[in-house]
Each structure stands twice: as structure tokens, then as C-alpha cells.
Amino acid sequence: MVKSITENPYGAFSTEDYSVFVVMLSISAGSGIYFGFFQGKKNQTTEDYLLGGRKMKIFPIAVSLIASQLSGVSIMSVPAEMYSYGAQYWIIAPTMFAIVLIINYIFVPVFYNNQITNCYQYLEDRFSPAVKKFVTFTYVLNIYLILPIFIFIPSLAFAQVTGTNVHVINGIVCCVCVFYTMLGGIKAVVWTDVVQGLIMFASCFLVVAVGVYKIGGFAEVFARAAAGNRLEIFDMTFDASTRQTFWTASIGNVFLWTGYLGLNQSCVQRMVAVPSVRHARSALWIFCVGFIVITSLNCFTGIVIYAKYFDCDPIKVGLVGKADKLLPFFVQDVVGNLKGMPGVFISCVFSAGLSTMSANLNSLAGIIYEDYIRPFNLFKHSDATANRTMKGLILVSGMYCIVMGLVVEQFGHILQMVVTIASVTQGAVMGIFCLGMLWPWANKHGALWGSAVSVIGMSWIIAGAQFAIKSGQLSYPPKPTSVEGCSEYGFNVTQPQHSSFFTPEEESDGFSIYNISFVWYSTVGTFLVFLVGIPVSYLTGSQDLNKVQAKLFSPVVHWLLPETVRRGELSVKPEEDKPDQIKEWIYTPVEDYKLQELQTVNEHTL
């Protein structure tokens, strides 16, 4: 087992493996050619390019959401999480039901009622342009920091199993992604995601199936995992400093994933690309089921890896540098002798990376054009010039990702920095949308100050936590592993008598805000927006509810609005089988007043 891999450090990437990988890239490039040239007439308008003319089908959108939410980093890190810390992370799977329920009945109706294509436009309509600019800037900054990671991590895995220069493969794959995203628009992104999503599921399933078979069946896998304390799911500890508990994995992830899925432009852009609210909700429920299946399979992969090496930890032996590299090691070990299987796995990791990267490139181009180029009137706006400009932005962003690969390779902590920055702003974004949709009295001052304090406060907390980690004052040790069986493979490793790791509880006599689990960051950031935004709104003059439009608030809080506002907005909904019509026509109190005034003038005239 271990011995065979040490004799071949670059694995056994065969002609069949390369062929599988090339086919996957060819399908992706082919989608760009098809939608860019053969379907080019249907991509002439900006709405077609960014939203597919709002005629996208439910199933492709659902699969696209699944594929884009599972990046290559997730494919490799989730099994590592299970191997090192046990099954507690799996709680996120059933939690997705609550997350989709919240998105479907709080956020989606607001986006459709306001005909939103850019989700941050809502913040301008609800509060002010300054609020929108602040949140849009945080989105663009986060995407540009994390985009190079999405595709470089899979490139690194490819380089490890083939010996290919990581920057060469990173450049090739980035160019393919830019090519089909730039030419085909949202349609190419979505349909390529469908193929890549199927590749991800098939490869994960095959690797797990072969692994379970070689270990001796499901009973043996679970027996070994239970003996190693890897199956604990319901840790009900009420301690915010514990890395993962039931409450952390459930409540914390509700705030984290609701903001990431429901309030991220790349996701919202696909939600509103279907004909109606009903279609959007259906797509999200399909996504929910698919996400649970893929995440559960990914988590189970980590359990299988632990069962495989339960008596000889590859990390302690020195065959694997860290837990994040366990999955490629496991694949080469278990299915490396099956020609084509390592290629399927690498295609899986790259499919996840390409899906995430293409979705973000497409939405990023739309955001930058609408918010940072079009307002300056540098040229006459038309659908043709808008599409050309967005294609240019995608090209430049792709070249940036290739160059930034050099930085990602040199600085080992770049991923930690990106995740930290994302955590700084995620809570503020979640909080400001919830404040706008769920608290009618909030005004622009409360929104701006609340989000600003959230970003500053989370920056302070996370900076303190990172300092504690680097200074050795804070650490989260993994569950113990064994090396007792390593002698069978020619390794002489001594099991340490005690661990040098320590937890926050062991070192601190009291609670410290810097020690809270990273999963709580979005929750804390969200509550900071409300804790500051509500009082500031009252102190600066709350929003006059008689001058608001009900469509700017979630239907779940319409009962808080004055009756005249609720009754003044009439919705005329077309039949579902006529998607080309306007989905909802809003008849506001202001328009009602103008109509009454006109009728009065007519009566006097008569």
C-alpha cells in the first residue's frame, strides 16, 4: 500500500488519465464555441448574456448552483476535515433545508418583485447609492482575492500526481475557463456546470465505492471510524470557542451559507435567470437535495480515508505534508492501478474549480460594468458595447488569475488570508440585506453605520484570533491517529505519548472573543449590523412607513407595514406558461394618489 506509492512519488498518470482530463476540458471549451458562435444570435442582448433571456430551465440552474458552490478547495478540504476532526461537519447537509427555506421565502420574492438582476441594486433602492457602493466594493474585493485560489488548488493537485509544472497547467485551464465564459455567457456557464457536476458526482462515487470495497465493506469502515471517535455528530456542548459542535455546525452555518448562497451575485444571477418565482424556488429545492447528496458523499470520503489508514497515519509517516493533501494520496493508493480513475478524480477537482471560477467571472463582469464603467459614460451604451466590454473584463480577470498563481505558490498563508477577509465582510452583507428586508424602520444611516461597524468589529476579532494562532496561544488539535500498523509497510514510527497541542479552554481561565470558532464569524457580523443599525436608525429618524413600497420588504414582514401601503400595491401575475410577460406589476400608493388626482380633475372638468 504505502510502499508502492513511495516508489512512485508522482503516481501513475497514464495515457487514459490524460485522455479523460483532455475530454473534460474539450467539453468545456466546446460549450463556449456552441453558445458563442452557433447560438450567438441568442446572446446579443445584455440580458441574454447575463441571464439567458430569463428563460433558463430549472434543472440546469439547480445543477449549476451545486457545481459552483462546491469548489476544488471544498472537494479536497472536506474529507480532510472529517479525517482530522470527525463527522461533526456533516450537520451542514441537513441544515441546507432550513437555509433554502429562508432564501425561498425571504429573499427570492423581493428579488423578483423588484425585477432585480444585480442583487446589490436592491440596497440602493432600499437605502441609498452609498450603501450599495460600500457592499459592492467588498464583493469585488473578495472575488478578486479568492478567484486565483479556485483554479490554482486543482492545478496543484494535478502537478502533484503528474509532475507537470503547476503554472503551465494553471495557465491552460484558466484560458479554457475564460474562453467558454467569455464567448458563451451565462448559458455556457450553466450547461458546462451541468457536465462538470455530473463528473464530480461520478468520480466521488467511484472513488468511495472502490475504497469501501478494498477496506472490506461498510461495516468495517464504520467500525474503524467508531473506534477512532470519528462518528460523533451530536456534540451538544454550549461553548462558542469549541471548533465544531452541533450548534456551531447548524446555527453558524445557517448564517454563513444563507449569505453565501442567497446574497451572492453569482448565485442570485442564476436564480433570476428562470422565468418565475415558482421556477426559482423549484431550482433551489433541487439544489438542496443535490447539495445534501454531494456533501454527504464528500464527508463519507473522509471517513473512508480514515478507515483506510486507521493504524498508519500518512501524515505522521511523512508521506503527506498535511491533511488537505490526503485525498489525492488516497486516490493514487486505492484506484491508481485502474487506468483512467486518477484522471477522473483530477477532472472532478478541476470541474469544481472551473464551475466556481466561471460563475464568478460572469457575475463579476456584469457588476463591474454596471457599477464602475457605465456610470462614467465613456462610450455610448448599447447591448453590443456592453457585451464586448464584459468579455474584455472576463479576459483581463482570467489573465490576473494566471499571474496571481505565482503569488499563491509563494505565500503559503494566502488561502488563510482570503478566507479571513471573506469572513470579515460576509456578516456585514448578510446583516445589511436582512436589515433592509426584515426591519421596515431601518434607514440609510443605520444601514451604513451598521455594516461599517460590522466590518470593523469583525476585522478586530479575526485579527486578534490570527495573532493568537501565530503566537501559539490558540490551537485546535485534530483527533488522535495511530501509527501502530506502520511497521507492516517498512516504517518505524513511535506513537507520541502526549500531544503538544492545546485548546483555548485549557489555556484560558475565562472567555475571550478572539477564541470563538471561525464558523461563528458570519453570525456575529450579522448581529453587529442589527445592534448598531436599529439604534442609529431611531436616532437619525426612522424610515417613514407611509412613504415606502411594500415590494422592498420580505412578505413575512408585510404585516408590520401600514394597511394603506399593503393595500395600495396590487400585483398582477401572468400565467406561468407565459414567461415573456412581466412577472409582477407593482401598483404603488404614489401612483394611486396620482390616479385619484387625475380623476378629481376630470370630475371638475365635467
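Residues numbered from 1 in each chain as written. Predicted model: local features only at pLDDT ≥ 70, side-chain atom pairs only at ≥ 80, totals over all residues. Heavy atoms only, no water.

- Per an unreviewed UniProt entry, the protein chain is named Sodium/solute symporter, and its organism is Culex pipiens pipiens.
- In its Subcellular location (unreviewed entry) section, the UniProt record describing the protein chain reads: "Cell membrane".
- The Sequence similarities (unreviewed entry) field of the UniProt record for the protein chain holds the comment "Belongs to the sodium:solute symporter (SSF) (TC 2.A.21) family." (UniProt positions renumbered as here; feature names shortened; annotations may be inferred.)

**A closer look at the pattern of salt bridges**
Reasoning step 1: Enumeration according to the criterion identifies five salt bridges in this entry.
Reasoning step 2: Note that Arg 224 is salt-bridged to Glu 220, the shortest N-O span being 2.8 Å. Here the residue Arg 224 and the residue Glu 220 both occupy positions in helix 10 (residues 218–227), the gap between them amounting to four residues, near one helical turn. (Salt bridge = Lys/Arg side-chain N within 4 Å of Asp/Glu carboxyl O. Helix = DSSP H or I, 4+ residues; strand = E, 2+ residues; numbered from the N terminus.)

**Notes on the nonpolar core**
Reasoning step 1: Of all hydrophobic cores here, the largest spans 146 residues; its most connected members are Phe 21, Met 96, Phe 111, Leu 123, Phe 350 and Phe 433.
Reasoning step 2: Residues in contact with Met 96, not counting those within four places in the same chain, are Trp 257, Leu 261, Phe 287, Cys 288, Phe 291 and Ile 292.
Reasoning step 3: Met 458, Ile 462, Tyr 521 and Leu 528 belong to the second largest nonpolar core, which has 11 residues in total. (Core = buried A, V, L, I, M, F, W, Y, C linked by side-chain atoms within 4.5 Å. Buried < 20%, exposed > 50% of the residue type's maximum accessible area, 1.4 Å probe, protein only. Contact = heavy atoms within 4.5 Å.)

**Considerations on the packing of aromatic side chains**
Each aromatic ring pair is described using two quantities: the centre-to-centre distance and the angle formed by the ring planes.
Reasoning step 1: Per the counting criterion, the structure on display carries 16 aromatic pairs.
Reasoning step 2: Relative to Tyr 400, the ring of Tyr 144 has its centre 5.3 Å away and its plane inclined at 90°; by these criteria the two rings are edge-to-face. Of this pair, Tyr 144 sits in helix 8 (residues 129–162) while Tyr 400 sits in helix 17 (residues 383–410); the two residues are 256 residues apart in sequence, bridging distant segments of the chain.
Reasoning step 3: Judged by its relative accessible area of 22%, Tyr 144 is partly exposed.
Reasoning step 4: Judged by relative accessible area, Tyr 400 falls into the partly exposed class, the value being 25%.
Reasoning step 5: Ring-pair connections join several aromatic residues into one group, and the members of that group are Phe 111, Tyr 120, Tyr 122, Tyr 139 and Phe 433. (Phe/Tyr/Trp six-rings, centres within 6.5 Å; stacked < 30°, edge-to-face > 60°.)

**Quick word on the confidence of the model for the protein chain**
Reasoning step 1: Taken residue by residue, the protein chain gives an average pLDDT of 77. The fraction at 70 or more is 80%.
Reasoning step 2: When pLDDT is averaged over each helix and strand of the protein chain, the minimum, 33, is found for strand 2 (residues 585–587) and the maximum, 92, for helix 21 (residues 521–539).
Reasoning step 3: Contacts for the low-pLDDT stretch residues 1–10, under 50 throughout, to residues beyond four places or in other chains number 18 contacts.
Reasoning step 4: Long-range and interchain partners of residues 570–606, a stretch whose pLDDT sits below 50, account for 40 contacts in this model, where long-range means more than four residues apart. (pLDDT = per-residue confidence, 0-100.)

**What about the environment of Ser 250?**
Reasoning step 1: For Ser 250, the location among the structural elements is in helix 11 (residues 246–262).
Reasoning step 2: Judged by relative accessible area, Ser 250 falls into the buried class, the value being 10%.
Reasoning step 3: Note: C-alpha distance between Ser 250 and Trp 90 (160 residues apart in sequence) is 9.5 Å.
Reasoning step 4: At 2.6 Å, the side chain of Ser 250 forms a polar contact with the backbone oxygen of Phe 246. (Polar contact = N/O pair within 3.5 Å; in protein donor to acceptor, adjacent residues only side chain to side chain.)

**Focus on the side chain of Asn 443**
Reasoning step 1: With respect to the helices and strands, Asn 443 occurs in the loop between helix 18 (414–438) and helix 19 (444–470).
Reasoning step 2: With relative accessibility at 6%, the residue Asn 443 sits in the buried group.
Reasoning step 3: Every residue in contact with Asn 443, bar those within four places of it in the chain, is listed here: Phe 127, Ser 537, Thr 540, Gly 541, Ser 542 and Gln 543.

**With respect to the packing of helix 6 (residues 92–113) against helix 11**
How two helices sit against one another is set out by the angle between their axes and by the gap between those axes.
Reasoning step 1: Between helix 6 and helix 11, the least distance of the axes is 9 Å, while the angle of their chain directions is 40°. Judged by the angle between their axes, helix 6 and helix 11 are oblique. Where helix 6 crosses over helix 11, the handedness of that crossing is right-handed. Side by side, helix 6 and helix 11 meet where Ile 92, Thr 95, Met 96, Ile 99, Ile 102, Ile 103, Phe 107 and Phe 111 of the first sit next to Ala 249, Ser 250, Asn 253, Val 254, Trp 257, Thr 258, Leu 261 and Gly 262 of the second.
Reasoning step 2: Of the residues that constitute the contact of helix 6 with helix 11, the class distribution is 11 nonpolar, five polar and no charged. (Axes fitted to C-alpha atoms, helices over the stretch in contact; angles between N-to-C directions. Parallel < 35°, antiparallel > 145°, perpendicular 65-115°, else oblique. Left-handed = near helix turned anticlockwise from the far one by under 90°. Nonpolar A, V, L, I, M, F, W, Y, C, P; charged D, E, K, R; others polar.)

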